[in-house]
Amino acid sequence: METYLGEKQQASQWSPYINNGGSCLAVAGDDFAVIASDTRMSLGYSIKTRYSTKYLKITEKCSIVSSGMQADIFTLHKVLKSRAQIYEQKHGKPMSTDAVAKLVSRLLYYRRFFPYYTFNIVAGIDDEGVGCVFSYDAIGTLERVKYSASGSGSSLIEPVLDNQVALKNRNDIKKEDFKLTKEYAIDLVKDAITSAGERDIYTGDFVEISVIDINGTHEEKFELRFD
Amino acid sequence: MFRTQYDSDISIYSPEGRLYQIEYAMQAVAQGSTALGLKSKTHAVVVTLMRSSDELSSHQRKIFKVDGHMGIAISGLTADARVLLKFMRNETLHHKFVYGSDLPTGEVVSSLAMKSQRNTQRWGRRPYGVGLLVIGYDGDKTHLYQTSPSGNCFSYYAQAIGSRSQSARTYLEKNFKEFPELGLEELVLHGVKALKESSGKETLTKLNVGIAVVGKEQKFEILKPNKVQSYLDQILQTEGEIEIENENENEKDEEAETLELKLD
């Protein structure tokens, strides 16, 4: 029987949940958003596959990344994709990012008593063209933020974002003097997830990063450590 | 001959073995404005004439997207078409959700045919008063199907339905042999030319002509009015040029202008 992540139980009862590891993050700027996730899927101390996507583009202006259990991520993404199409057929236009955010929250709460083991981040451009990031817990608690990280590497990434995006605990620079540019954010996201890959064993292999702005979504993929 | 005696209910046959109610339903299709479809090896196209009841109202939409690889053009009762459209959208989306692939056009059309037939044999129901031209691209092939209130569905190289569709059909019959090898642009031009045959006194403008395409590396797309206008312009241009081809080629521009006025 596989051991669970970090847990040691004398008499282990069967659980429907497993954690496939991986990290996700997103950062929002004034007129853009950057969202990224790694692609490693682990089970215990083994790697199940080096490429299993955690990212889904929902509309040209909105995407989601999820960490947690791959089966639930896959299903949630499937449901979300279908719901986005239904919305578009019904209303004749794609869902706004705010609508997607609310929908994800409702889909998660719908499973309140047998939750999706997913830790999601939705990022995109809102109706005013401003970048936005929404973070969730497993049952759909919704909060709009400027940046967020989830998954096995989140405790490594979140403090970096606190320091570099929100400028917390910085003595060398003032908030008024700082402008979060797209290039800065992309580099930061790349560095943050790469650093997580250095120390977190469940983060690595490849990263799917995408930049969302008024012109649409630009997707990229790069390599991380394979160890 | 026996029409009035045997046409009061869908469940009554005439002595000749005809169900008049179904034929009347098909009449409803023939009353709608023209919709035509044609396909090549790589693309399938529908072209429609959108009527507007008066100058104040908008033009009636006749082309609808079913899924990324499939769409329909309708002729007849629009409300009935909406019901069938919802059904098709549901089927294709369900298939995509469960199997992760595009639902083959032929399968959706078969389900639609079954659904239409049910309404011809159930108490209290009436046949759907709409004919659809379904275009799709799946399995590396283009598809064009026609469905009718009777529940019959056929695959076509090219077809036209609705009022004055016979003129369009004649044009398509004359030219369909060359369709398979054509590129998208030429295919659409043929479609618009065919529509012109059935347009009668109505002038074709970007507001009352609807065009949609689907094919290899081309998701189902309803063309924007400006793109439609560019095709209409090409038709007007070529009409002028066909006359000149037999005459002096140097005076093309002047001739084209004067000939355009004469053609109408």
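For every chain, the first residue of the written sequence is number 1, and numbering continues from 1 along that sequence. Written order determines the labels here, with chains lettered from A and ligands numbered from 1. For this predicted model, a pLDDT threshold of at least 70 governs which residues receive local features, and a threshold of 80 or more governs which side-chain atom pairs are given and counted, while totals over whole chains, interfaces and linings are taken from all residues. Hydrogens and water molecules were not included; the side-chain quantities draw on all heavy atoms of the structure.

Chain B is annotated in an unreviewed UniProt entry as Proteasome subunit alpha type from Anaeramoeba flamelloides. The record held by UniProt for chain B lists under Subunit (unreviewed entry) the comment "The 26S proteasome consists of a 20S proteasome core and two 19S regulatory subunits." UniProt positions are given in the numbering used here, feature names are shortened, and annotations may be inferred rather than shown by experiment.

As recorded in an unreviewed UniProt entry, chain A goes by the name Proteasome subunit beta, listed as coming from Anaeramoeba flamelloides. UniProt, in the comment section headed Subunit (unreviewed entry), describes chain A in these words: "Component of the proteasome complex." Quoted verbatim from the Function (unreviewed entry) field of UniProt, the annotation for chain A is "Component of the proteasome, a multicatalytic proteinase complex which is characterized by its ability to cleave peptides with Arg, Phe, Tyr, Leu, and Glu adjacent to the leaving group at neutral or slightly basic pH. The proteasome has an ATP-dependent proteolytic activity."

1. So, the overall build of chain B
Numbering of helices and strands runs from the N terminus; a helix is a DSSP stretch of H or I covering at least four residues, while a strand is a stretch of E covering at least two. A tally of regular secondary structure across chain B gives eight helices and ten strands. Counting all 264 residues of chain B, 47% fall into the buried class. Considering only intrachain contacts with a sequence separation of at least 6, the fraction spanning at least 24 residues in chain B is 61%. In this description, accessible areas are obtained by the Shrake-Rupley approach with a 1.4 Å probe, and a residue is regarded as covered only by the protein chains that are shown. A total accessible area of about 14400 Å² is found for chain B, and carbon and sulfur atoms account for 50% of it. Accessible area is worked out with a 1.4 Å probe on protein chains only. A residue is then buried under 20% of its type maximum, exposed over 50%, and partly exposed in between. Should any heavy atoms of two residues lie within 4.5 Å, those residues are considered in contact.

2. A look at helix α5 (residues 165-175) of chain B
All names here are of chain B. For α5, the full list of buried residues reads Ser165, Ala168, Tyr171, Leu172 and Asn175. When α5 is viewed along its axis, its buried side chains cluster within an angular range of 120° and face the same direction. Pointing more than 90 degrees away from the buried face of α5 are the exposed residues Glu173 and Lys174. Turning to α5, the residues buried within the fold contact β1 (35-39), β8 (158-161) and α6 (184-198). Our arc is simply the arc of the directions from the helix axis toward the C-beta atoms.

3. Observations regarding helix α3 (residues 78-99) of chain B
For α3 of chain B, with 22 residues, the first-to-last C-alpha span of 31 Å sits near the 32 Å given by 1.5 Å per residue. Within the span of α3 of chain B, buried status applies to Thr78, Asp80, Ala81, Leu84, Leu85, Met88, Arg89, Thr92, Leu93 and His95 of chain B. Structurally, α3 of chain B contributes buried residues whose contacts are with α1 (70-91) of chain A together with β3 (63-67), β4 (70-76), α4 (105-118) and β5 (130-138) of chain B. Immediately beyond the C-terminal end of α3 of chain B, within one or two residues, lies glycine 100 of chain B, with a positive phi of roughly 70°. Expected helix span is computed as 1.5 Å times (number of residues minus one).

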